[in-house]
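# Structure assessment
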Amino acid sequence: MAAEISSNQAPPAAYAMLVMLLRRVFFSAVGLGILFALWWFGGWLLETNPATMSFADFGPFPTFDAVPYMVQSGTLLDASQASGYRLGIGLLLAIITGIPIGILMGRSKVFRKLSNTPFQFLRMVSPLSWEPIAVIAMPTWDQAIIFLISMAAVWPVAFATSAGLAKLDPAWFKVARNLGASWWNILKEIIFPAIAFDVLTGIRLALGVAWIVIVPAEFLGITSGLGYTIQDSRENLMYADLTVTILVIGFIGFVMDGICLALIKRFSWHRG
Amino acid sequence: MIDKAQAPGAVARTWLIDHIAYPAVGFVILIALWAIGGWFLEINPSTSSFVKFGLVPTMQAVPGLVSSGYVAEHVIASGYRLAIGLFLAILIGVPIGIALGLSRVTEQITNEPFQLLRMVSPLSWMPIVVFVFPRWDQAIIFLIGVAAIWPVIYATAAGLKKVDPAWFKVSRNLGANFHKMLAQVIFPAIAFDIFTGIRLALGIAWVVLVPAELLGVSSGLGYAIKDARETLAYDHLTAMVVVIGIIGFTLDTIVSALVRKYSWQKDV
C-alpha cells in the first residue's frame, strides 16, 4: 500500500517540476518578447519619421543584420577579450586586496574603528575622478583602466567580508580552539566556509560596479575594448554596430551576474 | 550613586572615542600617506612637474577654489542632475518593485529582460541618449536614472517578499482598503529596504555622474576634473577629488542614518 502511494506520487512531483520549468521558460519568453516588441516599435517610430530616419539603424532588424559581420570580422571577440582581460585582472586585484582588508576589519576592533571613516570617504570618491591621476601614475593605459576597476571594486569586497565576519558566532572559535584547531585550521574550516556567502555577495556587487566603470574608462586613450567599440561606432555613425555592442555588454554582464548568483546560492548556509 | 553619576559621562566618553578620536586618527594616517606621496613626487626630479598632486599645494588651492565660487558652482550643477536622476529612479523604481514583490507572474516575466537591461553598463547608453534628448543635462539625468533604478526596484521587491502574508490577512479582516494597506502595512514594513536600495542607488549614481559629465557639458564635478587635467592644474584636480569624496561621504552618511532609523528587523 505504502509503495503504491509513493509510486503514485512520484509522477505528479516530476510533473509539477516540469510544469514549473515550462512556466519559467514561457514567462521569460514573454518578457523578452515584450522587450523586443518595444525595441521594434521604437525602431519603427524612428524609421517612419523623416526627421529621425537617419537613426533607423538603432532598430532591431538593422542591428541583427550587423551581427554576422561584427562576429566574422572579429570586432566583438577582440573587444570582449580586451575588456575581459582588464575586468579579470582588475577584479582579481580587488579580491586579493579586499578580502584581507575585510578580514582585518572584521577581526580587529581597533583597525575597524580607525579605517571605517577614511575607507567610506575613499569609497565615495567616484572612481572615474581618479582617472587623470591613474593615467599619470601608470605607465600604460591598460594599467590605468585596471587600477580604476580595482579602485571601484575593492570596497564592496572588503565591506562584505567584514560584515560576514561580524555575523560569526564567537562560540565557534572557542569550540575550535578547545578542539585543538590551529590558526590555519580556524581560517580554513570556520572562517572561509562561514563567510564564502558574504564574500561572493561582495564580489557580485564588485562585478556590477566594475562593469559600470569599465565602459567609460575605455572611452579614452585606448583602441580596444567594449567601451572603445561604443565610442568608435558613434564617431563613425555606425548605429547598428553601437546597438550590437550594447546588446553584447548586456549579455556578458547578465551571464557573469548569473554565475555569481549561482555561486552565492551554492555557498549559502543562512537559509534554504 | 557614584555609578549613576559616572555612567552618562563614561558613555559619552566611549562615544567620543569611537566616533571622533578613532576616525580622526584614521584620517591623519590617510593624510600622512598623501603627504609622503607628495614628498616623493617632490624629491624625484622626473616627477617634479606633478608636485601639485601633493597635500600642501592642494590645501593651498582649496581656499581660492571655494571663495571664487568655483566649487559651489560645480557642486550645484552636479547636485541638481544627481537629485533629479535619483528622484526619477525612486519615483519609477518603487512602484515597479512593489509590483514585482506582490505578483510572481510580473516577477517572472520581467526577470530576464530586467537583468539584461540592468547589466548593460549605463555609460554605453550615452551615444543613444545624446540623440534622444535635446539637452546634455537631460541626457546625464537619464544616465543617472537608468543606473540608479535597479537597486531601488530589487530592494523594494526583496523587502516586500519578507513581509508576513498574515499581515495582509489581518489588515483585510480589520477592513483596510488597498490605500490603507499601502500606508499602514506595506510602506512601514519596506521603508528599511527602500532606503537600503536608495543607498546602493546613490553609490552607483555617484559612480556614473563623473564620467557622464566628462563630455558635452561645461559644469559639474566631472567637468571640473576634466578641466583641471586639461589646464594641468593638478592642485585643482586633487582638490576636486577631495570635494567629490566629502560630498559622497556626506550623502552616504545621511542615507545610512535613514536606513538605521527605519530598521525594524535588527540593529544594523
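Since the structure is predicted, the reported quantities are computational estimates derived from the model, not experimental observations. Residue numbers run consecutively from 1 along every chain, following the written order of its sequence. For this description, chains carry letters from A and ligands carry numbers from 1, given in the order in which they are written. In keeping with the model being predicted, local features are shown solely for residues with a pLDDT of at least 70 and side-chain atom pairs are shown and tallied solely at 80 or more, while totals for entire chains, interfaces and linings include all residues. Side-chain measures here rest on the full set of heavy atoms in the structure, leaving out hydrogens and waters.

### Section: the overall build of chain A
Let me state the cut-off plainly: Think of it this way: any DSSP run of H or I at least four residues long counts as a helix, any run of E at least two long counts as a strand, and we number them from the N terminus. Each radius of gyration reported is based on C-alpha atoms, and the globular scaling rule is 2.2 Å times the count of residues to the power 0.38.
Of regular secondary structure, chain A possesses 10 helices and zero strands. What you see in chain A, going N to C, is helices and strands ordered as α-α-α-α-α-α-α-α-α-α. Radius of gyration (C-alpha) of chain A: 24 Å, far over the 19 Å computed for a compact globule of 272 residues. C-alpha extents for chain A along the principal axes are approximately 80 × 75 × 30 Å.

### Quick look at the side chain of D241 of chain A
All names here are of chain A. Let me state the cut-off plainly: Only protein chains enter the accessibility calculation, which uses a 1.4 Å probe. A residue is then buried if its area is under 20% of the maximum for its type, exposed if over 50%, and partly exposed in between. Under this rule, positive means Lys or Arg and negative means Asp or Glu; His and the chain ends count for nothing. For this document, the term salt bridge refers to a Lys or Arg side-chain nitrogen within 4 Å of an Asp or Glu carboxyl oxygen. Any two residues whose heavy atoms approach within 4.5 Å are treated as being in contact.
Inspection of the secondary structure assignment puts D241 in helix α10 (residues 239–266). For the buried D241, which has no salt bridge, the nearest side chain bearing the opposite charge is R234, at an N-O separation of 13 Å. Excluding residues that lie within four positions of it along the chain, D241 makes contacts with A66, M70 and S233.

### So, the confidence of the model for chain B
Low-confidence regions, as indicated by low pLDDT, have predicted coordinates that should not be scrutinised in detail. Residues and elements named next belong to chain B. As a reminder of what qualifies: Each residue carries a pLDDT score, the predictor's confidence in it, ranging from 0 to 100.
Looking at chain B as a whole, its pLDDT mean stands at 89, while 96% of the residues score no less than 70. For chain B, per-element mean pLDDT is lowest for helix α1 (residues 2–43), which scores 82, and highest for helix α3 (residues 70–102), which scores 95. Among the prediction metrics, the complex's ipTM stands at 0.87, with pTM recorded as 0.88.

### A closer look at empty space enclosed by the protein
The criterion, for reference: As defined here, a cavity is a set of points on a 1 Å grid over the protein atoms alone where a 1.4 Å probe fits but cannot get out. A pocket is an open set with protein on both sides within 12 Å along at least five of seven lines, and residues line them when an atom is within 4 Å of a point. Grid points are joined across faces, edges and corners, and a volume is the space filled by probe spheres set on the points. For this scheme, ten residues count as nonpolar: Ala, Val, Leu, Ile, Met, Phe, Trp, Tyr, Cys and Pro. Four count as charged, namely Asp, Glu, Lys and Arg, and the remainder, Gly too, count as polar.
Inspection of the entire model under this criterion finds one cavity of 30 Å³ or more. Approximately 30 Å³ is the volume found for the largest cavity. Of all the secondary structure elements, the ones that give two or more residues to the lining of the largest cavity are α5 (131–137) of chain A together with α9 (221–230) of chain B. Ranked by the residues each element gives to the lining of the largest cavity, the list is headed by α9 of chain B, at three residues. By residue class, the composition of the lining of the largest cavity is four nonpolar, no polar and three charged.

### Some details on unusual backbone geometry
With glycine set apart, most residues show a phi of negative sign, and most peptide bonds adopt trans. Residue L237 of chain A is not a glycine yet carries a positive backbone phi of 55 degrees. With respect to the helices and strands, L237 of chain A occurs in the loop between α9 (226–235) and α10. On the basis of relative accessibility, which here comes to 56%, the residue L237 of chain A falls in the exposed class. In this structure, L232 of chain B takes a positive phi of about 55 degrees despite not being glycine. Looking at the element boundaries, L232 of chain B is found in the loop between α9 and α10 (234–261). For L232 of chain B, a relative accessible area of 53% puts it in the exposed group.

### Thoughts on the pattern of salt bridges
Applying the stated criterion across every chain yields a total of 16 salt bridges over all chains. A salt bridge links K188 of chain A to E189 of chain A, with the shortest nitrogen-to-oxygen separation between them at 3.2 Å. Across the salt bridge formed by R135 of chain B and D137 of chain B, the nearest N and O atoms sit 3.4 Å from each other. The partly exposed category is assigned to R135 of chain B, whose relative accessible area is 46%. Via salt bridges that share partners, R81, R135, D137 and E213 of chain B belong to a single interconnected network.

### Quick word on the environment of D193 of chain B
Mapped onto the fold, D193 of chain B is located in helix α8 (residues 178–212). As a C-alpha pair, D193 of chain B and G159 of chain B span 34 residues in sequence and 5.3 Å in three-dimensional space.

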